[in-house]
Structures are given as structure tokens and as C-alpha cells.
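# Working through the structure, step by step
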Amino acid sequence: MRAREPDHQGVVTRDGISIYYEVFGAGEPTVLLLPPWSIAHSASWRAQIPDLARHCRVVAFDGRGNGRSSCPEQPEAYTDSEFAADALAVLDAVGVERAVIVSHSKGANWGLFLVAEHPERVAGAVFIGPQLPIPQDPSVPPVGPTYSFTKPLDTEEGWAKFNLHYWLKDYPGFVEFFFGQVFSEPHSSKQIEDCVGWGLETTPQTLIATILAPHRVSRRTVEEYARRVRCPTLVIHGTEDRVVPLSTAEALAEWTGGSLAVIEGGGHAPHGRDPVQVNLLLRDFITPQTPRRAVWAPVRKRPLRALYVSSPIGLGHVRRDLAIADELRKLRPGLQIDWLAQHPVTQALAARHERIHPASALLASESRHLEGEAAEHDLNIFQAFRRMDAIMTANYMLFHDVVRETPYDLWIGDEAWELDFFLHENPEEKRAAFAWLTDFVGALPTPEGGEREAMLVADFNAEMIEHVERLPRIRDRAIFVGDPDDIPPGSFGPGLPSIREWTERHYDFCGYITGFDVSETGDREALRARLGYQPGEQVCVVAVGGSGVGEALLRRVVAAYPQAKRRVPALRMIVVTGPRIDLASLPSLSGLEARGYVPDLYQHLAACDLAIVQGGLTTCMELTAARRPFLYFPLRRHFEQWYQVSYRLDRYGAGRRMEYDTASPEIIADAIAQELGREVRYRDVEPGGAARAAACIAELL
């Protein structure tokens, strides 16, 4: 799923060549994102589009040679004048007279040509990692391609791969090498992976044509074109760029009279690897006008304020977060808590009449993304999380705006991964105390992922460890929702520390937070009567949490209902679809009840004779605390449910684990008959977790 879908899309055709474009947002100015080179397409701007589109109109197009545009193979089709003409045709198609243009890498050639030859159409120009034909300083080690492109070479090492003979022999090998050089920053596996995929959408013949194309912006003319620029310009360049030397950016900034922004440690594509820094630079350049009114007041004249960001993956986080918020208000009377949250979390917050920040409506949906990543009871949560990077960037940039406009004394993030990651990447953006909560630490590889996934998981964990150990001040409090014994054995990866030992060094432990007090449910028989359960009924509640990922399990259990009913005539099955599964999509069977969102589901779980659930921690621990028998089905390839949750439930002696792949309707019916009303002997779930977490957090106020 994309972080922002286009508001309009279309195609323009010039001389038989079709150019695909998209338009996002509205208002002035218009920003035109130029294609970087035919080795990639407009998806390379995926971290910029959602943020810029909240402030102005954004137009992006796939350059000829890749994406959904035509791919001619004649060199004459790839001149800088042709690319510039495509850009003008797109602007004409969307009715834009002038735009701020943003280019990257080789796109600087057609960007510079466009600014110089058509100044009336360009209001400003940004050049990121400009790959222009400017001679390198011979006194410093060369950067980027240095070998002949057309002659056969006697080596294939390093930049010798930038050679047409090598491309025709092993184009995938070149693409992998090239993007490994583009992203010189450590822990860039996701960015490299994306770009390799885009690079393989074109052909070596097409890319060869782009190199052999005659260009007006050449070694002889580049300075002349640059000095003709009269609009404001900004050049952005990384100090560790292995494709284009910093001296190129310095020369371009000098010749155009523009500004130069140098990103320390940045590679050739900082807009992909350091999107927050680049987005803020782009914003300041494109829309320098005064931002929306910020409300500031001396602390003595305003209430204490906290901004709470609760993970939208299901409904488990918001239950415990509401419990923590209640305890915080007891410790700090008058504390104002605003919530930056997504559906389905907002549904639970609205039921409690909490203050939902209006910017919440602009968040990109993480739940919808995960639902799109899921197959039948299958969700590779690690890979789904990696592919959520553009959504995380967009949501962090929205958070950035929220806390810029309103001063908060405290930020609380319950598995708000975008906050934690980007605050560590951009520590200068931290302007309030930050409390971080999670119920698991560290990703784990699954056997299905093989060596590749194991390597990626270890790299992901290593980056997190480096963040925390290098910048411990980012997390003013890190709270593990559980006990040290809830952490399964093992390490973060080869050469990395033990997960439990590292977590004990860097986290406080509050014990588990159920989100409700079991004692408040009162007498179970009275509770059953209050909920409408009849004496003698054997009630089985089937629930799969707040996301739509559990629909396959619901259908499988519904298919088991007729057989289970024959085994247990007194069976009453209540299927809870939650807020994101269409109630009408389930089969209708006589005697089977289906309900949508149930805000007091924990009461039904405490009153039932059996529950059937996924492997989510919250629901399973609610059932453990209520001492009810339950069947749980961990999602395939969901490392948290498969390992961390199962390990914790084993420690409590709770639940009966089932595997979806082998659980036919008949097997499920047998398990229902065996488990209904079974007397359980679970370890006690110690109460008071929310109060302990709140006490840790309150110290920051």
C-alpha cells in the first residue's frame, strides 16, 4: 500500500512516446518531481510525495525508459531536451504555468536544461546529488564511473561494471552493484532492495541508450547553463556520495548563486535514506512563508500537555494505553492528553470521549497496509514492517508538524515505531520528554525466510541497538510491558547481544497491563446474566482483534460450528468481527451469532466458557488474567505471535496452541468440545502494571 494515493493520474503522448504522470494535493506552489534516470521511476520520490502534498500540489512522472512510460531504445529519445519537453508536456496537461522543480542524480541534466531554456516555467530548482558532467578534481580520489563505457574491459570489478558490455552480460549484477554504491550509508538494505526492483523494470538496452544519447548539457556547456539560472536554487549533497563528488554540488551552487545543504554521512540518494532531513529542506525552500499559527504560552499559564501515539495495529495497545492515561491523570491532576491515532484506535478513544488530535485524520493507515500484506492466516510481519517505510515517514512528518504547532511537555509512544526510529535518526528534532513502551524487543527470523531474512533481521536489530546505545537520551523512559522472564532466550543475531540481557540494561519493567481490573468484572454468573447469557449455555467467543487480518480464521471456525454444535448441543458461538472486517461477509448459519466492534469485549471474554483467538498478546493475556480456557492460532510467519507471545503464554501455562495449516473444521470442533469449560490452572497475572508504567512516565513531568 502507498502512503498517499494520487488525486489524479494521466498520460501525455509526444512523438509516439507516452509519459505517465500523477498529481497529489492542491494549492500553490506546484512541485514537479523529475525522474532521476531511466534506472528508476517516480516511486523513488515515495518518501517526499505524502509530506509535500499536505502543503502544496505535487506532480510526478515516470521518465521515459521505466515505469508506466514508454521505453524507446534509440539514444536520440533520451536527450536532456527530450526529458525537459516531457516535463513541460506534463505541466501543460495538469494546467500548471510555473513549478518548483526537484531533481536527483542524472535528472539534474534535464533539470538544468529546463531552468536555463524555459525560465518562465520554473519558479525554483532543487538539485539532489546532481550528476552533471563537471570534471573532478584530479588531486582527490575519483568518485563514480571512471572506466570506458563502450570499450571491452579486462576487469569486472567495482566501477568497471559501469560498462555496456557488462550490462548486456549481467545487467542484474550491475543494478545490485550500482545501488550498493548509491546507498553508502549502513543499514540501507531496504532502500537498495527497492531500487534494484525498479532498476530491473527496464532493460540494459534502454539504459545503454540513455548513456549514448547526445546531450546539450555537456562538459563544455554545463557551466554556461548553470550561470544562466535566475531562479532560487538549492543543492543537496551527501558527504559520503560514492557516485558524484561533493565538488560537483559545490560548483553547481556557486554557478547558480544558490544554497548548498550538505548532509553529513549522506550517500547519493539522501532523500531515500535520510527523508526527514531532505523533506524539511525541501519544505523550507518550497514554502518559506510563515507556517500555520503556533500556540505558545509560558508553562505557568497552560496545563501540562502530553501527546500519546498509540500503535494502530489491532486494539491491544489502546486498551493498555487508556489504562496508563487514567493512572497518569491520577498522578498529575489536570494533565491534558491529546491522542495522535488511527482507526481502529480512534474508535476506542471516541467511546471514552478522549481528545483525538484533528491531525489524526491525515495519518496514513498502517492497519490497511498490514491487511494488504496478509495472505490466508499468513503475515510476514517483519517484511510487512520493512515495506511500511514510506507510511512511517509520512506519519512522522505529520507528528513533526503537530509538535511544532503545539508545545507538549511529554511524548508517549506505544510501539510508535516511526517516532522512535526517526527521533534517533534526527536527534535534533527531540523537543520534549519521550516515553517509549513495547511488549517485545527485537525482531526474529522465521525458518521460511531462509538466510536472506536472517541477515536482514540481524541488520535491523543491529541498527536499533546502535540507535539506543549511541543516543540513550532519546528515550527518557523505555518501558517493557511485562517481566524479564517474558523475554524468550536468544540473541539479536550473530555477534549481537542476548535479547534478555540487553533489554534488562535498557528498559524498566512494569509487568503486564491488561487494560482492565479482573476484579471489576465481579461475580462471573452475574456477569453472564448481565451480558444476556442463559443458564446452561456453553458460550464460545471467537475474536481476532482490531485488524482485518483474521478473517480467514473466522471463516475456518465458522465452518467448524455445525460439527461442534453436534458434539456440544448447548453450544452458543459468538463471532466478533471487530471494526475492520465486514460483518456481512461471513456466512450466515442457524444459531451462530456475529457481532461487529464490541467495546467491552473483555467482559465477554471473562464470562465465556471458551474463546478462540489469534495469537495476539493482548487478547491472550486478557483470557489468561480472566482464567478462561482458549484456543489460539498464531499467524504464520508472524514472529511475535509465533515466538514471543507463545513463549509468554507457556510461562503462564495458558491457552492451547493450534496451527491453522493442520486445523481442519473437524479438528477445531473436537478441540472446542474438549476445551469448553475446562478448569484451568494459569499463573496469576499480577495487577498494577498500568500504575507502575504511569509512575515511571509521571517522573518526566
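Residues numbered from 1 in each chain as written. Predicted model: local features only at pLDDT ≥ 70, side-chain atom pairs only at ≥ 80, totals over all residues. Heavy atoms only, no water.

### Re the environment of Gly124
Looking at the secondary structure, you find Gly124 in strand E6 (residues 122-128). Sequence separation of Gly124 and Pro232 is 108 residues, and the distance between their C-alpha atoms is 4.9 Å. Non-local contacts of Gly124, meaning those with residues more than four positions away in its chain, are made with Ala99, Val100, Ile101, Cys231, Pro232 and Phe285. (Helix = DSSP H or I, 4+ residues; strand = E, 2+ residues; numbered from the N terminus. Contact = heavy atoms within 4.5 Å.)

### A word on the packing of helix H11 (residues 316-331) against helix H25 (residues 689-698)
Close contact between H11 and H25 brings their axes to 8 Å; oriented N to C, the two are set at 55 degrees. With respect to their mutual orientation, H11 and H25 come out oblique. Every pair of crossing elements has a handedness; the one defined by H11 and H25 is right-handed. The residues of H25 that touch H11, namely those facing Ala323, Ile324, Glu327, Leu328 and Leu331, are Ala690, Ala691, Ala693, Ala694, Ala695, Ile697 and Ala698. (Axes fitted to C-alpha atoms, helices over the stretch in contact; angles between N-to-C directions. Parallel < 35°, antiparallel > 145°, perpendicular 65-115°, else oblique. Left-handed = near helix turned anticlockwise from the far one by under 90°.)

### A word on the environment of Ser498
One can find Ser498 in the loop between strand E14 (477-480) and helix H18 (499-506). Look at Ser498 and you get partly exposed, because its relative accessible area is 24%. Distance from Ser498 to Glu675, taken between C-alpha atoms, is 37 Å for residues 177 residues apart in sequence. If near-sequence neighbours (up to four positions away) are discounted, Ser498 is found in contact with Gly490, Ser491 and Phe492. (Buried < 20%, exposed > 50% of the residue type's maximum accessible area, 1.4 Å probe, protein only.)

### A closer look at the sheet that holds strand E21 (residues 656-657)
Spatial strand order, E18-E17-E16-E19-E20-E21: six strands in an open sheet with parallel pairing. Two strands in the sheet have a free side with no partner beyond their single neighbour: strand E18 (592-595) and E21. When strand E17 (residues 571-576) meets E18, the two strands line up parallel, connected through four bridges. Residue pairing for E18: Met573 is matched across the bridge by Leu592. In the packing of helix H24 (residues 665-675) onto the sheet, contacts are made with E17, strand E19 (610-614), strand E20 (630-633) and E21, and the angle to E20 comes to roughly 145 degrees. (Pairing = 2+ DSSP bridges.)

### Let's talk about the packing of helix H16 (residues 417-425) against helix H17 (residues 450-470)
The N-to-C vectors of H16 and H17 enclose an angle of 60 degrees; their axes lie 10 Å apart at closest approach. Classified by the angle their axes make, H16 and H17 are oblique. At the point where H16 passes H17, the crossing takes the left-handed sense. Between H16 and H17, the residues in contact are Phe421, His424 and Glu425 and Glu463, His467 and Val468, respectively.

### Some remarks on the packing of aromatic side chains
Per the counting criterion, the structure on display carries 32 aromatic pairs. Ring plane angle 45 degrees and centroid distance 6.2 Å describe the contact between Tyr78 and Phe83, whose orientation is recorded as tilted. For the residue pair Tyr78 and Phe83, the accessibility class agrees, reading buried in each case. Centroid distance Phe630 to Tyr632: 6.0 Å. Interplanar angle 45 degrees. Geometry classified as tilted. The exposure class assigned to Phe630 is buried, which follows from its relative accessible area of 0%. Three or more aromatic residues joined by ring pairs make a cluster, and in this case those are Trp37, Phe149, Trp159, Phe162, Trp167, Phe174, Phe177, Phe178 and Phe179. (Phe/Tyr/Trp six-rings, centres within 6.5 Å; stacked < 30°, edge-to-face > 60°.)

### What about H17?
End to end, H17 covers 30 Å across 21 residues, agreeing with the expected 30 Å (1.5 Å per residue, within 8%). For H17, the set of buried residues is Glu453, Leu456, Val457, Ala458, Asn461, Ala462, Glu463, Met464, Ile465, His467 and Val468. Buried residues in H17 make contact with helix H5 (189-199), helix H9 (270-273), helix H14 (381-386), H16 and H18. (Expected span 1.5 Å × (residues − 1).)

### Some remarks on the pairing of strand E13 (residues 433-438)
Buried residues dominate E13, accounting for six of its six residues. In E13, alternate side chains face the same way, and those of Ala433, Ala435 and Leu437 on one face and Phe434, Trp436 and Thr438 on the other are all buried. The pairing of strand E12 (residues 410-414) with E13 spans five bridges and is classified as parallel. Following the sheet pairing, Leu410 is matched in E13 by Ala433. You can see the chain leave E12, run along H16 and come back into E13, and the turn it takes is right-handed. Note: E13 against E14, four bridges, orientation parallel. (Right-handed = clockwise from strand over helix to strand, strands pointing away.)

### Here's the deal with the sheet that holds strand E5 (residues 99-104)
In sheet architecture, strand pairing relies on hydrogen bonds along the backbone and comes in two forms, parallel and antiparallel. Pairing in this open sheet of eight strands is mixed, and the strands run E1-E2-E4-E3-E5-E6-E7-E8 from one edge to the other. Each end of this open sheet is capped by a strand with a single partner; those strands are strand E1 (8-14) and strand E8 (259-263). Across the sheet, the mean angle separating the axes of adjacent strands is 20 degrees when strand polarity is ignored. Pairing between E5 and E6: six bridges, direction parallel. Note on E6: the bridge partner recorded for Ala99 is Val122. Each of E1, strand E2 (17-24), strand E3 (30-33), strand E4 (57-61) and E5 touches helix H2 (residues 80-93); the most contacted strand, E1, lies at about 130 degrees to it.

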